[in-house]
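Analysis of the macromolecular model
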Amino acid sequence: MNTNSGSPEGRSASSRFNFRRPWLRAVVFGLYFLLFPIFVGAIALALLMSSTRVHNYLLGVVQSQASHALGVGVRLQNFTLHLSTLSVDLYGITVDGASPFTAPPLLQIQHAEAGIGVTSVLHRQWYFESVQIDRPIVQIVVDKNGVSNIPKLTSSGDDNHHTTVFDLGIRRAVLQGGEVYYNNQPSALAVDLQSMEFHASFDSLLQKYSGNLTYTNGHLAYGTIRPPSHDVDLHFDATPTTFQLTHAKITSGASQLFLGAIVNNYTAPSIQAQFNATLDGSQVGSILHNPSVSAGLIETNGSLNYHAVAGRTALDTLVLNGDLKSKRLEIKTPAARGEISSVIAHFSLVNGDASLKDLRAEVLGGTLTAQGMMKNISGNSASHVSAALNRASLAELRRVLGPSLQTANATLSGTMTAEVTASWGNTFADLVANTDADIDGQIKGTQAGHRKTAVPVLVGEHNITASSTFPVKGSIHATYTGKAHQFKVEQSFLRTPQTNLTMDGVVSTKSSLGVHLQANDLRELAAIANLF
């Protein structure tokens, strides 16, 4: 007789393992029928995957299905499946280009790794835990007719199944050591992006990707234009309806561009952007192979807004506002060398009309102001520009025009004031330009050394003394008409105490220009001629 059968301890122990209780029996058998098939299946799958025959069979199936879906040859050297981490490594991926450009391959990937996570087995919900792509090389070829090596995807026949990048839910994506080539053979356009990296993460609750794209030492070429190497650093957020460029920095030498933008509604996009840029004129001159492009730094900042409207061009709906400034720009041309400093201006593009307002700069020791407008830039455009130069230095003008005008016989001082207006249509063929300029200066004879007595100095074939100083005044009123190829001069003159030159008339295919010169002292005339 068991005296312990009625004790509390005995009853407690037997009750913990009493399978006669319905709920406990249901739990145990439920776990058994759920875990046992998984355990057996995992063992079977591991055994199958360790088989070379099964491995090669799966390798062939993957290549065949991928080739069928893309319509081009797809090759995979090898793969390794990791059941413990639910991940796979792919090695030696090659995707051929579409006909007729089957070579070189469109895509080559040295190594790719993908890991998945399962949200719900019953509802078949899963996501990419991580995706890593190492050393991808993309080679795109496009001919002059627009035919490329990019394949067209083959439809699966299931029109109701649409998987987007947001449905895939990639938690973390990394792209390392990538290269992109666009028409790598000699052509009008070539692209070479090296050391490219891409990182992204996915928030399933917000349905949002966040990531960044970077590359260094990027090279672009378009015809004869070859921008210098540059670095790119982009940070972004993307949802099914919105793309936000939170930070973008493009750097090339002294040139930099900072950009932030938001794009809403991909089908009919609405864009808001802010930019801040520094442009090195020397780099622009190098790109254009034009040494006369102004050297110096130009800073600009502003905003951009765009909303797609049916029936209207992008330029008609684009709104752009900005300001630019520069401390100093250096002008170099075969005919002149000089500087422009303290440049400021405002520019805009609204309803298809571009404008330049409140331009101000220090030029030739004076002040330059300008305004401009181009209406309907995407269609039958009409442009108008006006500029004024106030109290520019004649001595600086003479110096800027080059050594050919530098003489030791005389100096020029004083100021010049000028106004210019110009209007034209789609081309400069119908240009109409007007200029009005006034000169108020002095010409003074010079002499080497310091002598108290006036010594004659040769100017041309005549002598003036070192102490000779005389005023010079002038006025020019001219109009150029492009359609008539006509240059008209009215009430224009150049005067000194002993010389008077007047001009009135027209220069064209049928010229009628009246020039009247009265010179009472040839020494003044020689001095003026020697200056200009």
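Structure report, in brief. (Residues numbered from 1 in each chain as written. Predicted model: local features only at pLDDT ≥ 70, side-chain atom pairs only at ≥ 80, totals over all residues. Heavy atoms only, no water.)

1. Topic: the side chain of Asp 96
Along the chain, Asp 96 falls in the loop between strand 2 (87-95) and strand 3 (107-120). For Asp 96, the side chain forms a polar contact with the side chain of Arg 75, separated by 2.9 Å. What Asp 96 contacts, discounting residues up to four positions off in sequence, is Val 72, Gly 73, Arg 75, Thr 102, Pro 105 and Leu 106. (Helix = DSSP H or I, 4+ residues; strand = E, 2+ residues; numbered from the N terminus. Polar contact = N/O pair within 3.5 Å; in protein donor to acceptor, adjacent residues only side chain to side chain. Contact = heavy atoms within 4.5 Å.)

2. Here's the deal with unusual backbone geometry
Trans is the prevailing form of peptide bonds, just as negative phi is the prevailing case for residues other than glycine. In the segment running from Ser 99 into Pro 100, the intervening peptide bond is cis, with an omega of 10°. Structurally, the position occupied by Pro 100 is in the loop between strand 2 and strand 3. Look at the link from Ala 103 to Pro 104: it is a cis peptide, with omega at 0°. Tracing the backbone through its elements, the reader meets Pro 104 in the loop between strand 2 and strand 3.

3. Quick notes on the environment of Gln 207
With respect to the helices, strands and loops of the structure, Gln 207 is situated in the loop between strand 6 (189-203) and strand 7 (208-222). In this structure, the C-alpha to C-alpha distance between Gln 207 and Ala 238, residues 31 residues apart in sequence, is 8.5 Å.

4. Some details on the nonpolar core
Counting residues in each nonpolar core, the largest one holds 15 residues, and the members touching the most others are Val 363, Leu 364, Leu 389, Leu 412 and Ile 443. Of all the secondary structure elements, the ones that give two or more residues to this core are strand 15 (353-363), strand 17 (382-393), helix 7 (394-400), strand 18 (410-424) and strand 22 (469-481). Grouped together as the second largest cluster of nonpolar side chains are ten residues, Leu 76, Phe 79, Val 95 and Ala 112 included. (Core = buried A, V, L, I, M, F, W, Y, C linked by side-chain atoms within 4.5 Å. Buried < 20%, exposed > 50% of the residue type's maximum accessible area, 1.4 Å probe, protein only.)

5. Regarding the pairing of strand 22
The pairing of strand 22 with strand 23 (residues 486-495) spans seven bridges and is antiparallel. Paired with Ser 475 across the two strands is Phe 493, which belongs to strand 23. Connecting strand 22 to the next strand, strand 23, in antiparallel fashion are four residues, including His 485 with a positive phi near 50°. (Pairing = 2+ DSSP bridges.)

6. Quick notes on helix 3 (residues 52-70)
For helix 3, which comprises 19 residues, the first-to-last C-alpha distance of 27 Å matches the rise-based estimate of 27 Å (1.5 Å per residue) to within 8%. Where helix 3 ends, the next residue or the one after it, Gly 71, has phi of about 75°, a positive value. (Expected span 1.5 Å × (residues − 1).)

7. Some remarks on the pattern of salt bridges
Counted by the stated rule, this structure contains seven salt bridges. As a salt-bridge pair, Asp 96 and Arg 75 come within 2.9 Å of each other at their nearest N and O atoms. With Asp 96 in the loop between strand 2 and strand 3 and Arg 75 in strand 1 (residues 74-82), this pair connects stretches of sequence that are 21 residues apart. Accessibility expressed as a relative area gives 15% for Asp 96, which makes it buried. Since its relative accessible area comes to 38%, Arg 75 is described here as partly exposed. Here Glu 339 makes a salt bridge to Arg 328, at a shortest N to O gap of 2.9 Å. Separated by eleven residues along the polypeptide, Glu 339 in strand 14 (residues 337-350) and Arg 328 in strand 13 (residues 319-332) bring together distant segments of the chain. Note on Glu 339: relative accessible area 45%, which makes it partly exposed. A residue is classified by how much of its surface remains accessible, and Arg 328, at 40% relative accessible area, is partly exposed. Via salt bridges that share partners, Arg 328, Glu 330 and Glu 339 belong to a single interconnected network. (Salt bridge = Lys/Arg side-chain N within 4 Å of Asp/Glu carboxyl O.)

Purely geometric numbers; function is a separate question.
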